[in-house]
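Descriptive analysis of the structure
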Protein chains: 2
Amino acid sequence: MSDATRHPHAAMSGSGAGHTGERSADWLAQLPEGQIRQFDEGDVICRPDNHQNRIFLIQQGCVRICLSAEHKELTLGWLRPGSIYVTHTRAWVEALEPTRICSWPIERLTSMIAEAPELAIAAMREVGMMLHQATNLIEDLAFRPVDARLARYLLLERGTQNSDTIQLTGHTELLASLLGTSRQTLSTSINRMIKDGLLNKLERQQLQLLDIAALEALAQV
Amino acid sequence: MSDATRHPHAAMSGSGAGHTGERSADWLAQLPEGQIRQFDEGDVICRPDNHQNRIFLIQQGCVRICLSAEHKELTLGWLRPGSIYVTHTRAWVEALEPTRICSWPIERLTSMIAEAPELAIAAMREVGMMLHQATNLIEDLAFRPVDARLARYLLLERGTQNSDTIQLTGHTELLASLLGTSRQTLSTSINRMIKDGLLNKLERQQLQLLDIAALEALAQV
DNA sequence: TGGCTTCTGTCAGCTGGCTGACAGTCGAGC
DNA sequence: GCTCGACTGTCAGCCAGCTGACAGAAGCCA
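These remarks concern the structure in this document. (Residues numbered from 1 in each chain as written. Chains lettered and ligands numbered in written order. Predicted model: local features only at pLDDT ≥ 70, side-chain atom pairs only at ≥ 80, totals over all residues. Heavy atoms only, no water.)

For the rest of this paragraph, the subject is the protein's contact with DNA strand C. With respect to spatial proximity, 18 residues lie near DNA strand C, and among them A:Val146, A:Thr181, A:Thr185, B:Ser187 and B:Lys201 are the closest. Counting only the atoms of DNA strand C within 4 Å of the protein, the fraction contributed by sugar and phosphate is 65%. A:Thr181 is positioned such that a nitrogen or oxygen atom in its side chain is 3.0 Å from a phosphate oxygen of DNA strand C. At 2.4 Å, a side-chain N or O of A:Thr185 approaches a phosphate oxygen of DNA strand C. Where the surface near DNA strand C is concerned, the elements lending two or more residues are α8 (183-195) of chain A together with α8 (183-195) of chain B. Ranked by residue count, the leading element in the surface near DNA strand C is α8(B), at five residues. Considered class by class, the residues forming the surface near DNA strand C number two nonpolar, eleven polar and five charged. (Near = heavy atom within 4 Å. Polar contact = N/O pair within 3.5 Å; in protein donor to acceptor, adjacent residues only side chain to side chain. Helix = DSSP H or I, 4+ residues; strand = E, 2+ residues; numbered from the N terminus. Nonpolar A, V, L, I, M, F, W, Y, C, P; charged D, E, K, R; others polar.)

Before going further, it helps to examine the relation of the copies chain B and chain A. Of the transformation superimposing chain B on chain A, the axial component is 0.0 Å and the angular component is 180°, with the fit at an RMSD of 0.0 Å. The relationship between the two copies is best expressed as a two-fold rotation axis. Both copies contact each other with a shared surface, as 100% of the interface residues of chain B are interface residues in chain A too. (Least-squares fit on C-alpha atoms with pLDDT ≥ 70 in both. Contact = heavy atoms within 4.5 Å.)

Counted under the stated rule, the structure contains 14 salt bridges over all chains. Notably, a salt bridge pairs B:Arg144 with B:Glu139, separated by 3.6 Å at the nearest N-O pair. Residue classification places B:Arg144 among the buried residues on the basis of a relative accessible area of 11%. Because the salt bridges share partners, they merge into one network encompassing A:Arg90, B:Glu139, B:Asp140 and B:Arg144. (Salt bridge = Lys/Arg side-chain N within 4 Å of Asp/Glu carboxyl O. Buried < 20%, exposed > 50% of the residue type's maximum accessible area, 1.4 Å probe, protein only.)

Further remarks concern the packing of helix α6 (residues 146-161) of chain A against α8(A). All names here are of chain A. Running from amino to carboxyl end, α6 crosses α8 at an angle of 70°, the nearest separation of the two axes being 10 Å. When the interaxial angle is binned, α6 and α8 end up roughly perpendicular. In terms of crossing hand, the pair formed by α6 and α8 is right-handed. Facing α6, whose interface residues are Val146, Asp147 and Leu150, α8 presents Thr185, Leu186, Ser189, Ile190, Arg192 and Met193. Of the residues that constitute the contact of α6 with α8, the class distribution is five nonpolar, two polar and two charged. (Axes fitted to C-alpha atoms, helices over the stretch in contact; angles between N-to-C directions. Parallel < 35°, antiparallel > 145°, perpendicular 65-115°, else oblique. Left-handed = near helix turned anticlockwise from the far one by under 90°.)

Moving on, we come to the interface of chain B and chain A. A common measure of how large an interface is: the accessible area buried when the components associate. On the chain A side, the residues contacting the 33 residues of chain B number 33 residues. Interface area for chain B against chain A, summed over the two sides, is near 3000 Å², with a carbon-plus-sulfur share of 77%. Together, B:Arg90, B:Met124 and B:Phe143 form the three largest contributors to the area buried by chain B at its contact with chain A, with a combined 23%. The interface formed by chain B and chain A contains two salt bridges. A salt bridge links B:Arg90 to A:Glu139, with the nearest nitrogen and oxygen atoms 2.7 Å apart. Where chain B packs against chain A, one counts six residue pairs in polar contact (both at pLDDT 80 or more). At the level of secondary structure, the elements contributing two or more residues to the side of chain B that touches chain A comprise β4 (63-69), β5 (72-79), α4 (108-115) and α5 (118-143) of chain B. For the side of chain B that touches chain A, the element with the highest residue contribution is α5(B), accounting for 18 residues. (Buried area = accessible area lost by both parts, 1.4 Å probe.)

Residue and element names in this part refer to chain B. Side chains of Asp40, Glu41, Asp43 and Glu97 sit close together on the surface and give a patch of like negative charge. Mapped onto the secondary structure, Glu97 falls in the loop between β7 (92-95) and β8 (99-105). A relative accessible area of 33% places Glu97 in the partly exposed class. (Patch = residues over 30% accessible without salt bridge, like charges linked within 9 Å, V, L, I, M, F, W, Y side chains within 5 Å. Areas by Shrake-Rupley, 256 points an atom, 1.4 Å probe, with all protein chains shown as cover. Lys, Arg positive; Asp, Glu negative; His and termini not counted. Charge placed at Lys NZ, Arg CZ, Asp CG, Glu CD.)

What follows covers α8(A). For an α-helix, the turn length of 3.6 residues means that residues three or four places apart are oriented alike. All names here are of chain A. The terminal C-alpha atoms of α8 lie 18 Å apart, and with 13 residues this matches the ideal 18 Å at 1.5 Å per residue to within 8%. Every buried residue belonging to α8 is among Leu186, Ser189, Ile190 and Met193, and all of these are buried. The arc that holds every buried residue of α8, seen down its axis, measures 95°, which confines them to one face. The elements touched by buried residues of α8 are α6, α7 (172-179), β10 (199-203), β11 (206-209) and α9 (212-219). (Expected span 1.5 Å × (residues − 1). Arc of directions from axis to C-beta.)

On to the state of the cysteines. Residue and element names in this part refer to chain A. With the rule as written, the count across this model stands at zero disulfides over all chains. Unpaired in this structure, Cys62 has its nearest cysteine sulfur neighbour in Cys66, at a distance of 12 Å. As a non-bridged cysteine, Cys102 has Cys46 as the owner of its nearest cysteine sulfur, 15 Å distant. A residue is classified by how much of its surface remains accessible, and Cys102, at 6% relative accessible area, is buried. (Disulfide = S-S within 2.5 Å.)

As structure tokens, this is what we get:
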């Protein structure tokens, strides 16, 4: 796992940075040859009716993992180079930009672990990270109003990007799907915070955090 | 893992029974001696500020895993004898009835896996099950109205209990916390279904499913 | 059996956020 | 520079579900 691993909900936990640091890149070096595939922006890498589970390594690009129902979509998170992903029965995986992936049938995991048991610890850690991310999302959906979700996300990104100026990934609708809300509601929330002096919009997809304390108070809800 | 494993959200996926069947009880036989502890009904087994992660085996009784915030509580699920659980940073674990547990520090997992790599596969499967359960809950919270959540739960229990007469676990408030709603809303939902002829209440905590097709239609939302 | 506590059903008022709609802005391509 | 499509902001109406409250039923214990 490289430090390039960046997952919105994981970073929200505040322990993301420390956790990332614990990961050993030896895991990557020990992975056997897998199936390499290239995807263009917008391509579906994996859909819910895929019956063959695979384990994926993102080599290049950025992918989004999401759930959908009727006309609604929920983003579980996104992964960047160095991230591992084990397919979910009901999740979609789509490329947000041109992406290269190396993958293995899940059945190979058994032999991979038998050959190098350290792989098991790393794989457990990865699945544990996904579970942690899922827990964050559950808490958002169950307990936090949209303002709090947004504030948490922005503070997390501030930590990850090491700057008060946040570069957002994708446009409003994508971020709304990550925060479990609608585009309109997110837009309203952002613009209310701008009006209240917590944020400044430098340009589309770029926000400046002005009042960290106020954002932290909002995020505590 | 024994067939006694029963987890509400897992069973909701409809693949729960099959998944249970794949598990090998050899996993249990290979587990080393751990720390045995006994808990009374209502005892907290594990709280969010516990910094030492452990891996738990439920030997007897029933435990509930939940998240809480302000005055709200969300049940992630419950576990019965034969279930394994790896502690979450932010989850509470509480005994719903007198319970016996065997546990190990999470650090022991590494040596356990080195001694018997099959343990890794079983542990991966367990964490994967938890992730699957979390995904079910996310879908409930993000996409499904309360009626649909209740219908899904009842149909799942019907499959697990192999009967049209469902024994509920705990009283209304507990089930409401599992379905991510309030006691009042759940009570209203149940009684509307009773009035509409889908359910019959035989006694507290015991419901008879009368119209499976209507419940299935509701659950599809 | 009686008293007390817990559980359940029901109600009314409220609200966070959704949804559809529309106007203005921005970016990409010619 | 112009056009068109995508993105963004804003608005109004609506509603699923929450919350607090209260009454009646059920369960438990002395």
